[in-house]
Amino acid sequence: MDLDRTDLAVVRELQTDGRLTYETLAQRVGLSRPATRARVQRLLAGGGVRVVAVVHPAVRDLTASAHLSIGVSGAAEPVARAIAAMPQAPFVTLTAGSRAIMAELRTEGLAELDRVIESIRSLNGVDHIDPLISLQHLKDPYLLAGRPDVRDLDATDRLILDELERDGRLPFAELAERVGLSPGAARARTLRLLDGGVAKVLALVRPELLGLGFLCGFAVRLDGERDAVAQHIGGWDRVSFLSACMGRAELVGTISAESLAAVRETLEDMRACEGVRAVESWVHLELVKERYDLTAPTP
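All figures in this text were calculated on a predicted structure; none of them were measured in a lab.

Q: I'd love a proper account of the sheet that holds strand 8 (residues 239-246), names of residues and values included.
A: A barrel is described by the order of its strands in space; here eight strands give the closed sequence 2-4-3-10-7-9-8-5, paired in antiparallel fashion. Each adjacent strand pair in this sheet contributes to an overall mean axis angle of 35°, direction not counted.

Shown next, in the form of structure tokens:
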């Protein structure tokens, strides 16, 4: 799917607020309402753009996370597909580097994290796993900051979240029918959840559609204090994700860039940063799974 300048403007708006009305969206991108609606429907039908609700991890009790470097004996793709089938793995890629697969896990506590890592270790073809345990997500486009203001969600609230995770632009009338409320009540409940930081509706876009088709992961070893280096690196536009962690490195993250030359330049800048001892990197060859909108697994 090739996006023109107007398509990109539509996508950028939906990345900020996925439930913008067609009228508001049309005004912002300079199109008529019917033309805007047609653009959005074409983008969604193409599969490279999805508009969904991303729920705050605390609401799903997803309090633990880790980044796994996975070595395999034999073919890597079947192993990656098996890991991608796990609901606790929102991000799985095939990579070029010292490890064949990289995966991110988000689980209900450290005990569950340990159990999932052990289940991956037992998969046919897995040779070894090197985990980096996340301490704090410092930059994450799909993670809501702070704590939700809304407490004690009831069953209807959770039904609304479930529906919006499937389709973030679901009209209030249809949402109301699915959860058993009037359209007005469904609208009020939804706005309460969104305004209270429980969830955010936004467009998830495959990076190559934005001209950022070159993804590179990195792990940084530090000599001194972590915070100053993390704040500096996290401020770079090409660093799309950054997490403080413990294990073989103090920081782990992702570079999203327009070319391999831009990736190389960013890595060189990183190595030159004061306090950086070493940078390990790997290129993401295939994005097997990226689904940060998934609900917590059922025990």
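After that view of the structure, there is still more to cover.
Q: I'd love a proper account of a nonpolar patch on the surface, names of residues and values included.
A: A cluster of nonpolar residues, Phe214, Leu260, Val283 and Leu285, forms a patch on the protein surface that exposes about 360 Å² of accessible area. Secondary-structure assignment places phenylalanine 214 in strand 7 (residues 214-222).

Q: Describe the side chain of arginine 169, listing the residues and the values that go with them.
A: Relative to the helices and strands, arginine 169 resides in the loop between helix 6 (155-166) and helix 7 (172-179). Buried charge arginine 169 goes without a salt bridge, the closest partner of opposite sign being aspartate 167 at 6.7 Å. Among the polar contacts made by the side chain of arginine 169, one reaches the main-chain carbonyl oxygen of glycine 18 at a distance of 2.7 Å. With sequence-adjacent residues up to four places away left out, arginine 169 is seen in contact with Leu14, Gly18, Arg19, Leu20, Thr21, Tyr22, Val40 and Val51.

Q: Outline the packing of aromatic side chains, supporting the account with residue identities and numerical values.
A: Following the criterion strictly, the structure yields zero aromatic pairs and no others. Seen from the ring of phenylalanine 172, arginine 19 lies directly overhead, with NZ or CZ sitting 4.5 Å from the centre. When the ring centre of tyrosine 22 is taken as reference, the NZ or CZ atom of arginine 169 above it lies at 4.7 Å.

Q: Explain the pairing of strand 7 to me, and be specific about the residues and the numbers.
A: Counting buried residues along strand 7, seven of its nine residues qualify, which places the element largely inside the surrounding structure. Summarising the sheet, strand 7 and strand 9 (residues 251-257) pair through seven bridges and their orientation is antiparallel. Residue pairing across strands places glycine 217 opposite threonine 254, the latter belonging to strand 9. Inspection of the sheet shows strand 7 paired to strand 10 (residues 276-290) by seven bridges, in the antiparallel sense. The partner of alanine 219 across the bridge, within strand 10, is glutamate 280.

Q: For the pattern of salt bridges, give the residues involved together with the corresponding values.
A: Across all of its chains, the model carries 28 salt bridges by this definition. Linking arginine 106 and glutamate 104 is a salt bridge whose minimum nitrogen-to-oxygen distance equals 2.7 Å. The class of arginine 106 is buried, set by a relative accessible area of 11%. Of the residues examined, glutamate 104 reaches a relative accessible area of 1% and is grouped as buried. Two residues, glutamate 208 and arginine 206, come together in a salt bridge whose shortest N-O distance is 3.0 Å. Here arginine 206 falls in the partly exposed class, since its relative accessible area comes to 34%. It is possible to trace a salt-bridge network through shared partners that takes in Asp4, Asp7, Arg39 and Arg42.

Reading guide: rules and limits
- Along each chain, residues carry numbers from 1 onward, in the same order as the chain's sequence is written.
- Only residues with pLDDT of 70 or above have their local features reported here, since the model is predicted, and side-chain atom pairs are shown and tallied only from 80 upward, although totals for entire chains, interfaces and linings are computed over all residues.
- Values reported for side chains reflect all heavy atoms of the structure, with hydrogen atoms and water molecules removed beforehand.
- Pairing between strands requires that DSSP locate at least two bridges from one strand to the other.
- We count a stretch as a helix when DSSP gives it H or I for four or more residues in a row; a strand needs E for two or more, and each element gets its number in order from the N terminus.
- Each axis is a line fitted through C-alpha atoms, taken for helices only over the stretch in contact, and angles between the N-to-C directions span 0 to 180 degrees.
- For patch building, the residue pool is restricted to those with more than 30% relative accessible area and no salt bridge; the joining distance is 9 Å between like charges and 5 Å between nonpolar side chains (Val, Leu, Ile, Met, Phe, Trp, Tyr).
- Residue burial considers only the protein chains on display, and all accessible areas are found by Shrake-Rupley using a 1.4 Å probe.
- Here, a salt bridge means any side-chain nitrogen of Lys or Arg that lies within 4 Å of a carboxyl oxygen of Asp or Glu.
- Under the scheme applied here, a residue whose accessible area is under 20% of the maximum for its type counts as buried, over 50% as exposed, and between as partly exposed, the area being computed with a 1.4 Å probe on protein chains only.
- Just so you know, the count uses Lys and Arg for positive and Asp and Glu for negative, and it drops His and the chain ends.
- Counted as a polar contact is a pair of N or O atoms within 3.5 Å, where, for protein atoms, one must be capable of donating a hydrogen and the other of accepting one, and residues adjacent in sequence contribute only when both atoms are in side chains.
- In what follows, a contact means two residues having at least one pair of non-hydrogen atoms within 4.5 Å.
- When the centres of two rings from Phe, Tyr and Trp lie within 6.5 Å, Trp using its six-membered ring, the rings pair. Their planes under 30 degrees apart give stacked, over 60 give edge-to-face, and anything left gives tilted.
- Charge over a ring is defined by NZ of Lys or CZ of Arg lying within 6 Å of the ring centre and within 35 degrees of the ring normal.

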